[in-house]
Amino acid sequence: MDGPRHDVPETDALTRPYWEAAARGRLLIRRCGACGRAHHYPREFCPYCWSEEVTWEEASGRAALYTWSAVHHNDLPPFSGRLPYLAAVVDLAEGPRMMTELVDCPEGGLRAGMPLEVTFRDGIPVFREAPGR
(Lines give C-alpha, C1' and ligand atoms only; values in the text may rest on other atoms or scores of the structure.)
Protein backbone atom coordinates (compact mmCIF):
# COMPACT_ATOMS: atom_id res chain seq x y z
CA MET A 1 0.00 0.00 0.00
CA ASP A 2 1.28 3.44 -0.91
CA GLY A 3 1.22 6.30 1.58
CA PRO A 4 0.39 6.37 5.27
CA ARG A 5 -2.38 4.24 6.74
CA HIS A 6 -5.24 6.08 8.34
CA ASP A 7 -6.91 3.09 10.02
CA VAL A 8 -4.36 2.38 12.77
CA PRO A 9 -3.14 4.91 15.32
CA GLU A 10 0.54 5.11 16.20
CA THR A 11 1.50 2.66 18.91
CA ASP A 12 2.90 4.14 22.11
CA ALA A 13 3.90 2.69 25.49
CA LEU A 14 0.30 2.72 26.74
CA THR A 15 -1.32 1.11 23.68
CA ARG A 16 1.45 -1.37 22.81
CA PRO A 17 -0.14 -4.24 24.86
CA TYR A 18 -3.46 -3.63 23.06
CA TRP A 19 -1.96 -3.81 19.56
CA GLU A 20 0.32 -6.74 20.42
CA ALA A 21 -2.69 -8.69 21.73
CA ALA A 22 -4.74 -7.77 18.65
CA ALA A 23 -1.94 -9.08 16.42
CA ARG A 24 -2.39 -12.42 18.26
CA GLY A 25 -6.21 -12.35 17.87
CA ARG A 26 -7.08 -11.11 21.36
CA LEU A 27 -9.19 -8.04 22.19
CA LEU A 28 -8.14 -6.15 25.32
CA ILE A 29 -10.03 -3.55 27.32
CA ARG A 30 -9.10 -1.61 30.44
CA ARG A 31 -10.85 -2.12 33.80
CA CYS A 32 -10.74 0.17 36.81
CA GLY A 33 -9.79 -1.41 40.12
CA ALA A 34 -11.43 1.42 42.06
CA CYS A 35 -14.95 1.53 40.54
CA GLY A 36 -14.89 -1.76 38.61
CA ARG A 37 -16.02 -0.30 35.27
CA ALA A 38 -14.47 -1.29 31.97
CA HIS A 39 -13.59 1.23 29.29
CA HIS A 40 -12.34 1.39 25.75
CA TYR A 41 -10.24 3.08 24.12
CA PRO A 42 -7.15 2.57 26.31
CA ARG A 43 -6.45 5.38 28.76
CA GLU A 44 -4.08 5.71 31.69
CA PHE A 45 -6.97 6.61 33.99
CA CYS A 46 -10.61 5.63 34.48
CA PRO A 47 -12.92 8.00 32.56
CA TYR A 48 -15.64 7.43 35.18
CA CYS A 49 -13.90 7.98 38.53
CA TRP A 50 -10.49 9.27 37.37
CA SER A 51 -8.60 6.55 39.23
CA GLU A 52 -5.23 5.52 37.82
CA GLU A 53 -5.83 1.98 39.12
CA VAL A 54 -6.59 0.51 35.67
CA THR A 55 -5.40 -2.79 34.24
CA TRP A 56 -5.69 -4.73 31.00
CA GLU A 57 -8.29 -7.47 30.68
CA GLU A 58 -9.13 -9.77 27.80
CA ALA A 59 -12.60 -9.08 26.44
CA SER A 60 -14.97 -11.90 25.53
CA GLY A 61 -15.22 -10.69 21.93
CA ARG A 62 -19.02 -10.60 22.12
CA ALA A 63 -20.86 -7.40 21.26
CA ALA A 64 -24.22 -6.01 20.16
CA LEU A 65 -24.62 -3.65 17.22
CA TYR A 66 -25.46 -0.14 18.40
CA THR A 67 -25.39 1.78 15.11
CA TRP A 68 -23.77 1.70 11.67
CA SER A 69 -23.28 3.61 8.46
CA ALA A 70 -22.40 2.43 4.97
CA VAL A 71 -19.42 4.39 3.68
CA HIS A 72 -19.34 4.81 -0.09
CA HIS A 73 -16.63 7.46 -0.42
CA ASN A 74 -13.33 7.64 1.45
CA ASP A 75 -10.13 8.36 -0.44
CA LEU A 76 -7.73 7.80 2.50
CA PRO A 77 -5.63 4.63 2.37
CA PRO A 78 -6.56 1.83 2.94
CA PHE A 79 -10.26 2.69 2.98
CA SER A 80 -10.54 3.48 -0.73
CA GLY A 81 -9.75 -0.16 -1.52
CA ARG A 82 -12.56 -1.40 0.75
CA LEU A 83 -15.49 0.66 -0.54
CA PRO A 84 -18.24 0.33 0.33
CA TYR A 85 -17.66 -0.66 3.94
CA LEU A 86 -19.72 -0.60 7.12
CA ALA A 87 -18.51 1.69 9.89
CA ALA A 88 -20.12 0.75 13.19
CA VAL A 89 -20.36 1.36 16.90
CA VAL A 90 -20.81 -1.76 19.02
CA ASP A 91 -21.57 -2.33 22.68
CA LEU A 92 -19.04 -4.80 24.05
CA ALA A 93 -20.43 -7.45 26.42
CA GLU A 94 -18.22 -5.97 29.16
CA GLY A 95 -19.93 -2.57 28.82
CA PRO A 96 -17.75 -0.23 26.75
CA ARG A 97 -18.88 1.12 23.41
CA MET A 98 -16.35 0.72 20.57
CA MET A 99 -16.01 2.15 17.07
CA THR A 100 -15.19 -0.54 14.52
CA GLU A 101 -15.96 -1.95 11.10
CA LEU A 102 -18.41 -4.72 10.25
CA VAL A 103 -17.24 -7.47 7.91
CA ASP A 104 -19.09 -10.32 6.23
CA CYS A 105 -22.43 -8.66 7.06
CA PRO A 106 -24.84 -7.66 4.30
CA GLU A 107 -26.14 -4.17 5.05
CA GLY A 108 -29.75 -5.19 4.49
CA GLY A 109 -29.59 -7.75 7.31
CA LEU A 110 -28.32 -5.39 9.99
CA ARG A 111 -30.42 -4.42 12.98
CA ALA A 112 -29.67 -2.63 16.21
CA GLY A 113 -28.91 -5.09 18.98
CA MET A 114 -27.86 -7.94 16.69
CA PRO A 115 -25.20 -10.15 18.27
CA LEU A 116 -21.68 -9.81 16.92
CA GLU A 117 -18.28 -11.37 17.52
CA VAL A 118 -14.82 -9.96 17.12
CA THR A 119 -12.50 -11.10 14.37
CA PHE A 120 -9.22 -9.60 13.26
CA ARG A 121 -8.04 -8.22 9.94
CA ASP A 122 -4.34 -7.43 9.75
CA GLY A 123 -4.16 -7.12 13.54
CA ILE A 124 -7.15 -4.78 13.75
CA PRO A 125 -10.31 -5.82 15.62
CA VAL A 126 -13.42 -5.80 13.42
CA PHE A 127 -16.79 -7.44 14.03
CA ARG A 128 -19.03 -9.89 12.19
CA GLU A 129 -22.38 -11.48 12.86
CA ALA A 130 -22.20 -14.01 15.69
CA PRO A 131 -22.79 -17.62 14.61
CA GLY A 132 -26.11 -19.23 15.37
CA ARG A 133 -28.18 -16.12 14.77
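In this text the structure is predicted, and so the values were computed from the model without any measurement. (Residues numbered from 1 in each chain as written. Predicted model: local features only at pLDDT ≥ 70, side-chain atom pairs only at ≥ 80, totals over all residues. Heavy atoms only, no water.)

Pairing in this open sheet of three strands is antiparallel, and the strands run E2-E1-E3 from one edge to the other. Strands at the two margins of the open sheet, each flanked by one partner only, are strand E2 (38-39) and strand E3 (54-58). Alignment of strand E1 (residues 28-32) against E2, held across two bridges, turns out to be antiparallel. If you follow arginine 31 over to E2, its bridge partner there is alanine 38. (Pairing = 2+ DSSP bridges. Helix = DSSP H or I, 4+ residues; strand = E, 2+ residues; numbered from the N terminus.)

The next subject is the pairing of strand E5 (residues 85-92). Of all eight residues that make up E5, six are buried, and the element is covered over most of its length. Here strand E4 (residues 62-71) runs beside E5; their pairing, made up of eight bridges, is antiparallel. Bridge pairing in E5 places serine 69 opposite alanine 87. In this antiparallel pair of consecutive strands, E5 and strand E6 (residues 97-102), the connection spans four residues, and glycine 95 shows a positive phi of 120°. (Buried < 20%, exposed > 50% of the residue type's maximum accessible area, 1.4 Å probe, protein only.)

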